[in-house]
Amino acid sequence: VSCCVWAALPGDVILPAGEITAVDRDVSRLPVAYSLVNAVSVSCCVWAALPGDVILPAGEITAVDRDVSRLPVAYSLVNAVSIPIRIDPETAEVTLSGQLDFEASSNGRVEFILLANDTTPPYLGTSATLDITIRDANDQPPVFSKGLFSFALMENSPVGSLVGRIPASDADSTELFYQISSSSGNDQMTSSHGGMMTSELPFVVDESSGEIHTSGQIDREAMSEYRLAGLVSDGANFASCDIAIEIGDENDNRPMFEGDDAEVAMFELQPDGFVLTTVLATDADATAANNQVAYSIIAGNSDHAFAIHDSSGVIVVANHSAADLLIRKSFTLAIQAVDSGVPQLSSVTMLRISLQDVNNNYPEFQQEIYSVIIPENVIPPKEIIKLTAKDQDLDSVLAYTFVSESFQFSIDQNSGSILVISPLDAESRNFYDISVRATDGTHVDLTTLQITVSDINDNSPEFESDFQEMHLSEATPIGTIIKVISASDGDISAAGILYSITSLSSHFSISSSSGEIRVIQNLENRNSDRMDIEITAYDLTPPNDKSISRNLTIIIDDVSEYAPYFGVDKLTINVEENTEIGTRVWKLNATDKDDGLGGEIRYSIVNKSHDIFDIADNYLILNSTLDYENVQEVVLTIEAEDMGEIPLKSQLQLTIRVVDLNDNACEVHNLPIMVSHDRSRELSFQVIASDVDSDRNGNNHIEFDIDSDILSISQTSGLIESTGEIAGNIEIQVTCRNGEFITEESLSISIVETPENLPSIGNDLPIRVSIRENNVPDEAIASIKTEEAAEFSVYATSLPRHEDSVFTVDGGGNVFLWAGLDRESIRDGIILVMLEVSSVANSDYKIFPTVEISVQDENDNDPRFSKPSYTVKFPENSAVGLELTKLTASDLDSTSSLRFRLAENSTSDAIISLSRDGILSTSEKFNLENITLDIWNSVQVEVSDGRFTDSAVVRFMVQSVSQNGPAFLNTNISLQIPENLPPGTKITTLDAQHTDDFQQQFRVISTDPDSSLFSVGEKSGIVRVSDDSLPNSVDFEKSHLHVLQVEVSQPDAEPPRSKDTATVEIRVLDVNDNSPQMTFPSGPLVFSELEEVRIAYEVSDADSGENALVDFAFRSEPENIFVLVKTEPNLFTFRPIDFEQLGSRDAAGRGIARLTVLVTDRGVPPLTSQYDAVEVTITDENDNGLTWARAPADNTVHVPENDFHPTRVVFSVLAEDGDFHSHIRYSIVGGDFADKFRVNASTGEVTQTGELDRERAATGLVEIDASDGLFTTRVAIHVIVQDRNDEPPVFPEPEVSIHIFDSAFYGS
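Cut-offs and rules
- Residues numbered from 1 in each chain as written.
- Predicted model: local features only at pLDDT ≥ 70, side-chain atom pairs only at ≥ 80, totals over all residues.
- Heavy atoms only, no water.
- Pairing = 2+ DSSP bridges.
- Helix = DSSP H or I, 4+ residues; strand = E, 2+ residues; numbered from the N terminus.
- Axes fitted to C-alpha atoms, helices over the stretch in contact; angles between N-to-C directions.
- Buried < 20%, exposed > 50% of the residue type's maximum accessible area, 1.4 Å probe, protein only.
- Patch = residues over 30% accessible without salt bridge, like charges linked within 9 Å, V, L, I, M, F, W, Y side chains within 5 Å.
- Areas by Shrake-Rupley, 256 points an atom, 1.4 Å probe, with all protein chains shown as cover.
- Salt bridge = Lys/Arg side-chain N within 4 Å of Asp/Glu carboxyl O.
- Contact = heavy atoms within 4.5 Å.
- Disulfide = S-S within 2.5 Å.
- Phe/Tyr/Trp six-rings, centres within 6.5 Å; stacked < 30°, edge-to-face > 60°.
- Lys NZ or Arg CZ within 6 Å of the ring centre and 35° of its normal.

Chemist: Can you help me understand the sheet that holds strand β33 (residues 409–411) in this one?
Modeler: One key point about sheets: their strands pair by backbone hydrogen bonds, in either a parallel or an antiparallel sense. If you trace the three strands from one edge of the open sheet to the other, you get β30-β34-β33, paired in antiparallel fashion. Two strands close off the open sheet at either side, each with one partner strand: β30 (382–386) and β33. Each strand axis lies, on average, 30 degrees off the axis of its neighbour in the sheet, ignoring direction. Examined bridge by bridge, β33 and strand β34 (residues 417–420) share three bridges and lie antiparallel to one another. Opposite Ile411, over in β34, you have Ile418 as the bridge partner.

Okay, here's the thing in structure tokens:
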């Protein structure tokens, strides 16, 4: 019997009565007495114990030996192998010796027998039960039964269908929870086409059982396989698995034909097997049976005319005799596509096959020549005649074209209707002969149309020259003819031209006959420099309704009073050498106070003796390369000339100084060389080098270096000396460096074995002399002394090689200078001259002594400002002596002392002063309210070295300063903003000037009624659309001007400062936010087809400016029937509408045309309104010419003579009129046989009035006119009289007398 006791208290029943019973099997069934033997039991519960932990402390259970001796007790455990525990044999302390595992126990309970024995034989003992309960810990992860679960599922399975189960187990007694997701974690699944698609999963998993069910539509065509990840959790541990769900295909898609029902055409009687077309249907199902398509013709295939390939869908002719246009014109086939799935699905498309005629007949015109007369003022487009030809082919379609292109006429390709498409001018051309072609696509017929253009007075005057804007001096005398206007009239009968100024003009008049425009008032008395006058030329030919007007703009130019001014007379600028050609080196900035042309300035170079510089677009442009070594300075005279009637000009002397750059390498003059050396002497040799760059910027600074252990070289002078014994011949490299340029040369030293062969110098070396700059001494500047005979020559100098010849040496060793020297071009003012001295006894041995010449400076160079102009700003009321800037200048002369001064012609010396050392400062305290200055002013300054002078320009601005508190920089502020700005939009920031650190405060002190829409930041001065305003409150249509009065103050200033106010005028700009609106008058609109259609309208747009300007577009029924001529305010004028082009008629037989007007404003974006069905009624007028529809063939008729029957119709003619209400009358108007025939005025039937006699007249003409009352057309019928045997023979004379000779031969 086992029981578990938990939290039991003394007295608690732990084994109820009856739970265990014993029965005496004796017959007497004696009562049973129960007792406990060794009733000792110990229980403990172990939770999260670690090896070494005590699970039953010492003393928790003890055993006592009842013997008198009280022997020690030894403790041990029986069956102690279930779990890793051990007992202390002396104290009975039980400890854990290993890791507990709930899953290895029997439901977490382990029972041991604890023995206690005394330690002497016979080792008596007792026992107790140790019951250990192990509480389970969640330390085992769940495990899926497999790593990959594969399921199959048919598409279209109902929602909730079971897909499968993903079972998992856990050794812990814990509850498991299941989840699924896409395998990539972002809901991507594999589509049936192999791509990836993102969607919600159409599956759910039961979190308790792991069963997967469908939760959405499953479509095999959208997704062929789902890759999922399964996840199970016991609350602390997780496990995952892969899930593959393959979707099975069902036949749930029917084949679908591409596109709508089709229509094809084919020529009739094509041969059997002719491929007509191919139909194609596709089936979206995935598997082969479900998406295999078979085609068949199920209807419409009369006489089995066509067949279709069941797999390819190719349709061919199967019975060509059935595809005959004489039998039927078309077929409509019903084509079915069916798949092979279960159940089979199908679809049907319709294919219409139209049969086309085979063309084998020629078209024919009825006449060879057609004639028509039209007035030159016919309004294009206008039909003048319709030419038609006939073709016997069935369904033949004829196309009409001109043989040659015509720019005045067009022909409708389908109807043969010929229209005037551009205005005609009889004065230019009054006859057209046009060849017209009719073709059925293969065959052609030609006819000729002769068009005569009748002249009317339709030309307006034309000005013979364009009106150019002209300039006129204000000093032009009264009566001066300033222009002659000439116009001409193209009409032949023109009666003349009359000229008039039709605009207001008080300064000019025009001669009505000659067109001479004269000045009639002093031009100095004018309100504007621009005068626009409108000149009109009128046509005097009746009805005097032609005229033309042009605007002539006359610009009145001031007489030039001021010459252009550069601000200074002389100016110097610097330009670096090697500047890129084409560089703008200086902007020409002369000013002219004149207005108009007198204030426009052009520039030129007066003394242009070279092409280094040029002028373009008011800039001085570099034209060629600048090289400081060739050109150091260029002086130009720049002339500024205004464009007044009498040009005024001024000049500026511009000095361009070329700034030297270090762009040349140093040149070594005395290397390479072979030097002879006596070991008994110290070596001394000086390297001589030069650089052609200027010394002004240190560009010719040279440093020397040598690569030797026994020789040294002076870095600056180039002097080489020995630092140790030279044992033998050597060769070394000497380096000469100038900035980034390096030059290397070699020095060879040869040891002289016989020193007595070397010449000896009696002078101390180097020989030093001094001469003045620019001076040429008469005597030698130095002499070389030798103890024996020697030969002398100049070997090298430190001057550039082309200047070496200024030094010579004679045979006695005397050195002479033949030209003056410029100290500023000489490095450090020192010239080195190396001489070659060779022994007369042995010329192979040479020495090279050096003469060092110091050039003494003289004042021969101009001082130069460091820059040609300076700019300074300073506030008004500045203290006297305030230093503004320090001017700097330099002088190449080393002895110069520079002094600065204001130029004598300076006009600003009362404001600023210049100290001798170049400090520019204020000379007077002044207020701008008391003195007049330009925004920028200039003063010319000079620097002098006592002999030469340079000048520069100082431009200065005096800044206004408020002394009376803050002041607005602008007290009248005008702003523009677009309407519909949202609340809070920043418009501008007000700017006030103050001279202290007190905080400024802005506030609105008054507004107009609507200006509460705006606010001003108290501290920032930012003007905004008020945050409290409603959206779109700033509405141009409500108010386009708002005025704020804004005050700025310094409320915290002590003492109180004055305040300032500004007026902020906010103009609201229109935004295109309103559509245009139109109204049309009520009532019928009735017009003759000969008169222009004038439709009144009213249009409005709440916007303004460009946004309120509108453009119109039109749609009409019939299409393009309304052709706009002009748009006037509130009136559309369209060309007359041809009644005959209207298909709709009212009850009275009048034509109906309908107009749709689209009105679009010119805003951005444009807004459009549409107004439909403005109905116009057109009455028919006689406006179409006549054409002959019937006449005898070739206009020829054969009539027998003497066969007169008064009622017999010999022939008939028929004319057609394009007008709807037309009455044609026929009459014979001329011809030889006019009296022989009569014509029925109504029917055109022609009968004879008497007999014809061929012997009198074999042929004749009958001219017949057809007239509708306005238009007339004429046809000439050629009558041929057929001969009959109705006359006897007749001798010409009743008696004939003849004479013959008696000797006449037989047969004579």
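So, next bit.
Chemist: How do you make sense of the pairing of strand β41 (residues 497–501) when you look at a structure like this?
Modeler: Where a strand is regular, its side chains alternate between the two sheet faces. Judged by which residues are buried, β41 turns out to be one-sided: Ile497, Tyr499 and Ile501 face inward and are buried, whereas Leu498 and Ser500, on the alternate face, are not. Pairing of β41 with strand β44 (residues 530–539), which is carried by five bridges, proceeds in the antiparallel orientation. Paired with Ser500 across the strands is Thr536, a residue of β44.

Chemist: How should I be thinking about a nonpolar patch on the surface in this particular structure?
Modeler: Taken together, Val5, Ile14, Leu15 and Ile20 make up a surface patch of nonpolar side chains, about 330 Å² in accessible area. Residue classification places Val5 among the partly exposed positions, given a relative accessible area of 40%.

Chemist: Please clarify how the environment of Ala1276 should be interpreted in this entry.
Modeler: Along the chain, Ala1276 turns up in strand β106 (residues 1272–1282). For Ala1276, a relative accessible area of 35% gives the class partly exposed. Once the C-alpha coordinates of Ala1276 and Ile1228 are considered, the two residues, 48 residues apart in sequence, prove to be 9.8 Å apart. Excluding residues that lie within four positions of it along the chain, Ala1276 makes contacts with Asn1195, Val1262 and Glu1263.

Chemist: What is the right way to read the sheet that holds strand β93 (residues 1124–1128) from this model?
Modeler: Within the open sheet, the three strands sit side by side as β90-β94-β93. Their pairing is antiparallel. A strand with exactly one partner marks an edge of an open sheet, and here the two such strands are β90 (1093–1096) and β93. When the angles between neighbouring strand axes are averaged without regard to direction, this sheet yields 15 degrees. Here four bridges tie β93 to strand β94 (residues 1131–1134), and the two strands are oriented antiparallel to one another.

Chemist: Looking at this structure, I do not really get the state of the cysteines. What am I missing?
Modeler: Such a bond, covalent and formed between the sulfur atoms of two cysteines, is termed a disulfide. As enumerated under the stated definition, the model contains one disulfide in all. Covalent S-S linkage joins Cys666 and Cys736, the inter-sulfur distance amounting to 2.3 Å. Placement of the pair is Cys666 in the loop between β52 (649–659) and β53 (667–668) and Cys736 in strand β60 (residues 730–738), with a sequence separation of 70 residues.

Chemist: Which parts of the structure should I look at to understand the packing of aromatic side chains?
Modeler: The relation between two aromatic rings is expressed through the spacing of the ring centres and the mutual angle of the planes. Overall, the coordinates contain 26 aromatic pairs when judged by the stated rule. With a centroid separation of 5.3 Å and an interplanar angle of 75 degrees, the aromatic rings of Phe1122 and Phe1134 are classed as edge-to-face. One end of the pair, Phe1122, is in the loop between β92 (1110–1117) and β93; the other, Phe1134, is in strand β94, and twelve residues separate them in sequence. Taken together, the aromatic side chains of Tyr1097, Phe1112, Phe1114, Phe1122, Phe1132 and Phe1134 make up a single cluster linked through ring pairs. Between Lys587 and the ring centre of Tyr619, over which it is positioned, the NZ or CZ distance is 5.4 Å.

Chemist: Would you mind showing me how to read the pattern of salt bridges here?
Modeler: Opposite charge on two side chains permits them to pair, given that their charged atoms come into close proximity. What the rule picks out here adds up to 24 salt bridges. For the salt bridge of Arg1067 with Glu1065, the shortest nitrogen-to-oxygen distance reads 3.1 Å. For Glu1065, a relative accessible area of 23% corresponds to the partly exposed category. Arg1208 is the partner of Asp1203 in a salt bridge, and the nearest nitrogen-oxygen pair spans 3.3 Å. Residue Arg1208 is classed as partly exposed on the basis of its relative accessible area of 31%.

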